[in-house]
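Observations on the model geometry
What follows is the residue order along each chain.
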Amino acid sequence: MNKKDLRIVFMGTPGFAVESLKALVENNYNVVGVITAPDKPAGRGYKFQPSAVKEYALSTGLPVLQPENLKNEIFLNELRRLEADIQVVVAFRMLPEAVWTMPPLGTFNLHASLLPQYRGAAPINWAIINGEKETGVTTFFLKHEIDTGEIIFQEKTAIGEDDNAETVHDTLMVLGSRLVLKTVDAVIDGTIRPQPQSNYIENEKELKPAPKIYKETCRINWNRPVQEIHNFVRGLSPYPAAWTEFEVNGEKMNFRIFATRANRETHQLQPGEIITDNKTSLRVAAQDGLIDILDIQLSGKKRMKTGDFLNGFSF
């Protein structure tokens, strides 16, 4: 089999998935169709906006399907007509068995972690929040339980002390696109030897999950150690962003925090207490030191560097 013979259906929605689709198209793999989310209202006028994957697919002339219901018979028949040999899934939603079992060579997924660690919806965020020094990407064949299928390939990368969710996302997006090509090539060559995830697990109790993140998940707990708070902020930056509530002149105000520095200076302050010169420096007391806030946004206002923010705001 060669590139032109292998019929690929690609499934994905956000920008993270575009890089993998682009790699397949630009390297002349035979992508015969793209499945992505329906257009959604966004912006001030709530106009319907296509997904990043749809925009790219249409720009290259690829046929696009946008099912509301993945179990709908009309959609399933349209998918069958594409006659895929294999399906590639990157940042899409959970697939019903009728979809992932359809192609004869199966369906593989690209996941933004070193499985079996960080199974779930937010692997990049949780790896940084937990202070990991490395992460990576994994391709694996889909099965019933989410993110538990047999591993095909993995690639690792370091997480720097000041990396955040955005920088790690961008690194894994490119690394993942290469791994998708490597996986498809192994399918074409017949050299795939998938391994059960149990081969990668030394102790089930040491597995760390990556559940979906909600607003309340993002609230900063100033009673935690400074390194944990620093990791928490960068693991949520720039989106959905860590947040906190400060009382200013008797009024409670919400602030989103995008960048910090861990400062282990000893103090006798209460956790959450603010220290500022109202010019360039804004610090908050934590369990074992101070958190320097470098990038901040008052609710309803623009995100700003702390020095610029303090030019127009006084604590």
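Residues numbered from 1 in each chain as written. Predicted model: local features only at pLDDT ≥ 70, side-chain atom pairs only at ≥ 80, totals over all residues. Heavy atoms only, no water.

**Overview of helix α6 (residues 165–189)**
Heads up, the rule is: Per the convention used, a helix needs a DSSP run of H or I reaching at least four residues, while a strand needs a run of E reaching at least two, with both numbered from the N terminus. Given a helix with a known number of residues, its expected span is that number minus one, times 1.5 Å. Any N or O atom pair separated by 3.5 Å or less is treated as a polar contact, with the protein-specific requirement of one donor-capable and one acceptor-capable atom, and with residues adjacent in sequence counted only for side-chain atom pairs.
With 25 residues, α6 extends 35 Å between its outermost C-alpha atoms, agreeing within 8% with the 36 Å of an ideal straight helix rising 1.5 Å per residue. If you check the start of α6, you find a side-chain oxygen 3.0 Å away from the backbone N of Glu166, and it comes from Asn164. Gly190 sits one or two residues past α6 and shows a positive phi near 75 degrees.

**A short note on the sheet that holds strand β7 (residues 107–111)**
Note the cut-off: For two strands to be treated as a pair, DSSP must find at least two bridges joining them.
Taken in spatial order, the seven strands line up as β5-β2-β1-β6-β7-β8-β9 in an open sheet, and their pairing is mixed. Each edge of the sheet is formed by a strand with only one pairing partner; in this case those strands are β5 (64–65) and β9 (151–158).

**Overview of the environment of Asp147**
Counted only if it meets this: Classification of residues uses two cut-offs on accessible area relative to the type maximum, computed with a 1.4 Å probe and protein chains only: under 20% is buried, over 50% is exposed, and between them is partly exposed. We call two residues in contact when some of their heavy atoms are within 4.5 Å.
Looking at where Asp147 falls in the secondary structure, it is placed in the loop between β8 (134–141) and β9. For Asp147, a relative accessible area of 8% puts it in the buried group. Here the alpha-carbon distance between Asp147 and Ala121, two residues 26 residues apart in the chain, equals 9.7 Å. Excluding anything up to four places from it in sequence, Asp147 contacts His111, Leu115, Arg119, Gly120, Phe140 and Gln197.

**A word on the nonpolar core**
Applied cut-off: Put simply, buried Ala, Val, Leu, Ile, Met, Phe, Trp, Tyr and Cys residues joined by side-chain atoms within 4.5 Å make one nonpolar core.
In this structure, Phe10, Leu21, Leu24, Val184, Phe255 and Ile293 are the most contacted members of the largest nonpolar core, which totals 73 residues. The leading source of residues in this core is α6, at 12 residues. If sequence neighbours within four positions are ignored, Phe255 has contacts with Ala242, Trp243, Thr244, Phe246, Val248, Ile296, Gln297, Leu298, Phe309, Phe313 and Phe315. Ile35, Leu65, Leu79 and Phe140 belong to the second-largest nonpolar core, a separate cluster that totals 20 residues.

**Focus: the environment of Phe313**
Within the secondary structure layout, Phe313 lies in the segment after α8 (306–312). Between the C-alpha atom of Phe313 and that of Phe108, which follows or precedes it by 205 residues, the distance is 51 Å. Not counting residues up to four positions away in its chain, the partners in contact with Phe313 are Val248, Met253, Phe255, Asn278 and Leu298.

**A few points about the pattern of salt bridges**
The condition that has to hold: One side-chain nitrogen of Lys or Arg within 4 Å of one carboxyl oxygen of Asp or Glu is enough to make a salt bridge.
Inspection of every chain in the model, using the stated rule, returns 13 salt bridges. When the shortest N-O distance is used, the salt bridge between Asp292 and Arg283 registers 2.7 Å. Each of Arg261, Glu265, Arg283 and Asp292 takes part in one network of salt bridges that share partners.

**Considerations on unusual backbone geometry**
Here Leu115 and Pro116 are connected by a cis peptide whose omega angle stands at 10 degrees. The residue Pro116 is located in the loop between β7 and α5 (123–129) in this model. A cis amide bond links Tyr239 with the next residue in sequence, Pro240, at an omega value of 5 degrees. As for its placement among the helices and strands, Pro240 is situated in the loop between α7 (226–235) and β10 (242–248). Of note, the phi angle at Ala91 is positive, near 55 degrees, even though the residue is not glycine. Turning to its location among the elements, Ala91 is positioned in the loop between β6 (86–90) and α4 (97–100). Ala91 sits in the partly exposed class, given a relative accessible area of 31%. At Asp147, a residue that is not glycine, the phi angle is positive and equals roughly 60 degrees.

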